[in-house]
Amino acid sequence: VTSSNKLLVYCVAEGSPQLTDLRGLEDEPVRQVELQGLVLLYSDFSTGRPLNQADALRFHAVLRSVFDQQAIIPFRFPAFLESEAELKSHLQQNHAKYAADLARLREFVQMEVRISAVRENNAPSSGKAYLEGKLQQSRSLQEAVRAIRDPVADLTTDCKERQTDQGVRLFTLTKRPDVAAFRERISRFQPSTGFTIAVSGPWPATEFFHE
Amino acid sequence: VASPNVIAIGGDGGDELSLLDILDHVLNSGVVIQGSIVISLGGVDLVYVGLNVVLTSVETALRTIEADQRKSLESGK
């Protein structure tokens with residue numbers, strides 16, 4: 001499959017975001033189709049060359065420049081449609097869902113806190129010791145999650161957790177003006193021994209979109 | 001005083017982790033368009049491979065940063 005003469009879609013937003021001189025992949029201008037108060041942003045991608053990490057970062061830069069202004073619903077990279085008619089059709093079919101999400105999340109961003117358990121270097125002496133260690137680690141991890149949610153509870157409208165191999169990813173729905181306070185409070189958190197904490201954001205509130 | 005076990009990604013010294021997070025979000029978050037053209041190209045595969053390799057090493061990276069911070073404190077830098 002080639003990607004020649006396709007339209008790369010970036011995100012959906014409300015109103016008329018500022019797109020002056022905004023360039024996407026291949027340095028193509030970012031354009032928009034509009035439907036009943038929503039816009040879908042896209043750019044041409046006609047070279048058919050393989051995509052790479054730099055493309056993903058350019059995609060992110062486009063999202064960022066709009067997200068810095070307002071809430072967006074990003075598409076997962078890469079997503080291509082054939083024509084403007086397809087873009088409009090997609091926007092029309094999903095308009096109610098997108099409009100509701102953007103209205104609900106207009107004032108919010110997503111912050112992420114990744115809580116990772118530090119792996120023990122010592123091999124367990126037996127299978128039973130291994131399982132007991134895993135159980136203890138799981139309990140400690142849940143305690144760590146509870147502990148880290150407390151200092152930012154008043155800055156969190158909604159919260160979701162996702163288990164990972166290393167620990168837990170905590171996603172919070174936070175008001176945009178509260179981002180600095182959120183980061184500051186998390187940075188002062190003292191995790192219990194055996195855990196590391198990484199906070200990132202603000203991100204578009206993708207974990208809180210309509211399901 | 002910030003905890004040595006807490007890293008604010010995208011802040012001082014967090015550039016590499018920030019890159020990983022950006023790639024993770026770009027590739028794994030957001031709306032998937034049903035019926036959109038699926039493009040399977042080497043470059044994207046490489047991004048995924050690279051991301052997986054590095055994401056599984058995040059824990060190691062965090063330990064390395066922590067160790068570096070400890071060394072800096074010990075050497076009084």
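Residues numbered from 1 in each chain as written. Chains lettered and ligands numbered in written order. Predicted model: local features only at pLDDT ≥ 70, side-chain atom pairs only at ≥ 80, totals over all residues. Heavy atoms only, no water.

### Side note on the pattern of salt bridges
Residue and element names in this part refer to chain A. Counted only if it meets this: Salt bridges are counted wherever a side-chain nitrogen of Lys or Arg sits within 4 Å of a carboxyl oxygen of Asp or Glu. Only runs of H or I of at least four residues qualify as helices and only runs of E of at least two qualify as strands under DSSP, and these elements are numbered from the N terminus. Buried, partly exposed and exposed residues are distinguished by accessible area as a fraction of the type maximum, computed with a 1.4 Å probe on protein chains only: under 20%, between the cut-offs, and over 50%, respectively.
Applying the stated criterion across every chain, the model contains 14 salt bridges over all chains. The partner of Lys6 in a salt bridge is Glu82, and the shortest N-O contact between them spans 3.9 Å. Taken together, the positions of Lys6 in strand β1 (residues 6-14) and Glu82 in the loop between β5 (80-81) and α2 (84-104) put the pair 76 residues apart, joining distant regions of the chain. The partly exposed category is assigned to Glu82, whose relative accessible area is 41%. A salt bridge links Glu184 to Arg188; the nearest nitrogen and oxygen atoms lie 2.2 Å apart.

### With respect to the confidence of the model for chain B
All names here are of chain B. Note the cut-off: pLDDT runs from 0 to 100 and stands for how confident the predictor is about each residue. When checking whether two residues touch, look at their non-hydrogen atoms; a contact exists if any pair is within 4.5 Å.
Looking at chain B as a whole, its pLDDT mean stands at 59, while 22% of the residues score no less than 70. Mean pLDDT across the secondary structure elements of chain B bottoms out at helix α2 (residues 42-55), with 46, and peaks at helix α1 (residues 15-28), with 77. Every residue in residues 40-61 is under pLDDT 50, and counting partners more than four places away or in other chains gives 34 contacts.

### Some thoughts on the environment of Phe59 of chain A
If you trace the backbone, Phe59 of chain A turns up in helix α1 (residues 53-67). Here Phe59 of chain A falls in the buried class, since its relative accessible area comes to 0%. Separated by 19 residues in the primary sequence, Phe59 of chain A and Pro78 of chain A place their C-alpha atoms 8.6 Å from one another. In this structure, Phe59 of chain A is in contact with Leu8, Val9, Tyr10, Leu25, Phe75 and Phe77 of chain A together with Val26 of chain B, ignoring residues within four places of it in sequence.

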